[in-house]
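Analysis of the macromolecular model
Each chain is listed here by its residues.
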Amino acid sequence: MKESVRIFRFIVIGTMNAIIMALVVWLMMREISFDGDYMVANITAYLIAQIHNFIWCKYWIFPVENKKNSLWKQILLFCSAFGLAYTAQFLFLILLVEGLDVNEYLAQFLGLFIYGGANFLANKKLTFQ
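For the protein, the name recorded in an unreviewed UniProt entry is GtrA family protein, with Bacteroides faecium as its organism. Here the protein is described in UniProt, under the heading Subcellular location (unreviewed entry), as follows: "Membrane". The UniProt entry for the protein carries the following text under Sequence similarities (unreviewed entry): "Belongs to the GtrA family."

The structure is reproduced here in structure tokens:
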């Protein structure tokens, strides 16, 4: 598969993940009434989006014909890739806000690109090789 097709697919699924997260947070915070407990809503939304992300990565973005990694090993590697990508994004966020005095909302938005790029590379090189 061409790399440009893989990147396009990753962007499509990343956008779907953002929509899923926004809807889950909205439902939990507003409609199900968790009394404003944004942490529970955030964790739930992220878990649902990551399950969605794993399935699409495994079968559509990084389809692997070589079955050398078991499903459980891929899940572990996928979680590791997430940890690497999230750490890169978080450090970037701190650098922008604390070091360069960038607006917090803009820094959060820019961090999405760091997270997306790091997540794509980590999954390509680590999880679904």
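A few words now on the nonpolar core. Core analysis: the biggest nonpolar cluster contains 10 residues, these being Phe10, Ile13, Phe54, Cys57, Ile61, Phe62, Val64, Phe78, Phe120 and Phe128. Of all elements in the fold, only helix 1 (3-31) and helix 2 (38-61) reach the threshold of two or more residues within this core. Ranked by residues supplied to this core, first place goes to helix 2 with three residues. There are two domains that each give this core at least three residues, and those are domain 1 (1-63) and domain 2 (67-128). When residues no more than four places from it in sequence are discounted, the contact partners of Phe120 are Glu3, Arg6, Ile7, Phe10 and Phe62.

On to helix 1. Its 29 residues place the ends of helix 1 41 Å apart at the C-alpha level, agreeing with the 42 Å of an ideal helix rising 1.5 Å per residue. Of all the residues in helix 1, the buried ones are Arg6, Arg9, Phe10, Ile13, Asn17, Val24 and Met28.

Time to look at helix 4 (residues 104-127). Taken together, the buried positions of helix 4 are occupied by Ala107, Gly111, Tyr115, Gly116, Asn119, Phe120, Ala122, Asn123 and Thr127. Its side-chain oxygen placed 3.1 Å from the backbone nitrogen of Leu106, Asn103 serves as the N-cap of helix 4.

What follows is about the confidence of the model for the protein. Predicted confidence across the protein gives a mean pLDDT of 84, with 91% of residues reaching 70 or more. Confidence, read as mean pLDDT per element, is least for helix 2 in the protein (84) and greatest for helix 3 (residues 71-99) (89).

In this section: a nonpolar patch on the surface. Taken together, the side chains of Ile19, Leu23, Trp26, Leu27 and Ile32 present a nonpolar region at the surface, about 500 Å² in accessible area. Here Leu27 lies in helix 1. Residue classification places Leu27 among the partly exposed residues on the basis of a relative accessible area of 38%.

To continue, consider the pattern of salt bridges. Applying the stated criterion to the full structure yields two salt bridges. Across the pair Arg6 and Glu3 runs a salt bridge, and its minimum N-O distance is 3.6 Å. Taken together, the residues Arg6 and Glu3, both in helix 1 and three residues apart, mark about one turn of the helix. Using a relative accessible area of 14% as the deciding quantity, one classes Arg6 as buried.

Once that is clear, we can look at the packing of aromatic side chains. On inspection of all chains with the given rule, the structure shows 10 aromatic pairs. When the centroid spacing of 6.0 Å and the interplanar angle of 40° are considered together, the rings of Phe54 and Phe128 count as tilted. One end of the pair, Phe54, is in helix 2; the other, Phe128, is in the segment after helix 4, and 74 residues separate them in sequence. When sorted by exposure, Phe54 lands in the same class as Phe128, which is buried. A connected cluster of aromatic rings, assembled from ring pairs, spans Phe10, Phe54, Phe62, Phe78, Phe120 and Phe128.

About the cut-offs
- Residues numbered from 1 in each chain as written.
- Predicted model: local features only at pLDDT ≥ 70, side-chain atom pairs only at ≥ 80, totals over all residues.
- Heavy atoms only, no water.
- UniProt positions renumbered as here; feature names shortened; annotations may be inferred.
- Core = buried A, V, L, I, M, F, W, Y, C linked by side-chain atoms within 4.5 Å.
- Buried < 20%, exposed > 50% of the residue type's maximum accessible area, 1.4 Å probe, protein only.
- Helix = DSSP H or I, 4+ residues; strand = E, 2+ residues; numbered from the N terminus.
- Domains from an automatic or database assignment.
- Contact = heavy atoms within 4.5 Å.
- Expected span 1.5 Å × (residues − 1).
- Polar contact = N/O pair within 3.5 Å; in protein donor to acceptor, adjacent residues only side chain to side chain.
- pLDDT = per-residue confidence, 0-100.
- Patch = residues over 30% accessible without salt bridge, like charges linked within 9 Å, V, L, I, M, F, W, Y side chains within 5 Å.
- Areas by Shrake-Rupley, 256 points an atom, 1.4 Å probe, with all protein chains shown as cover.
- Salt bridge = Lys/Arg side-chain N within 4 Å of Asp/Glu carboxyl O.
- Phe/Tyr/Trp six-rings, centres within 6.5 Å; stacked < 30°, edge-to-face > 60°.

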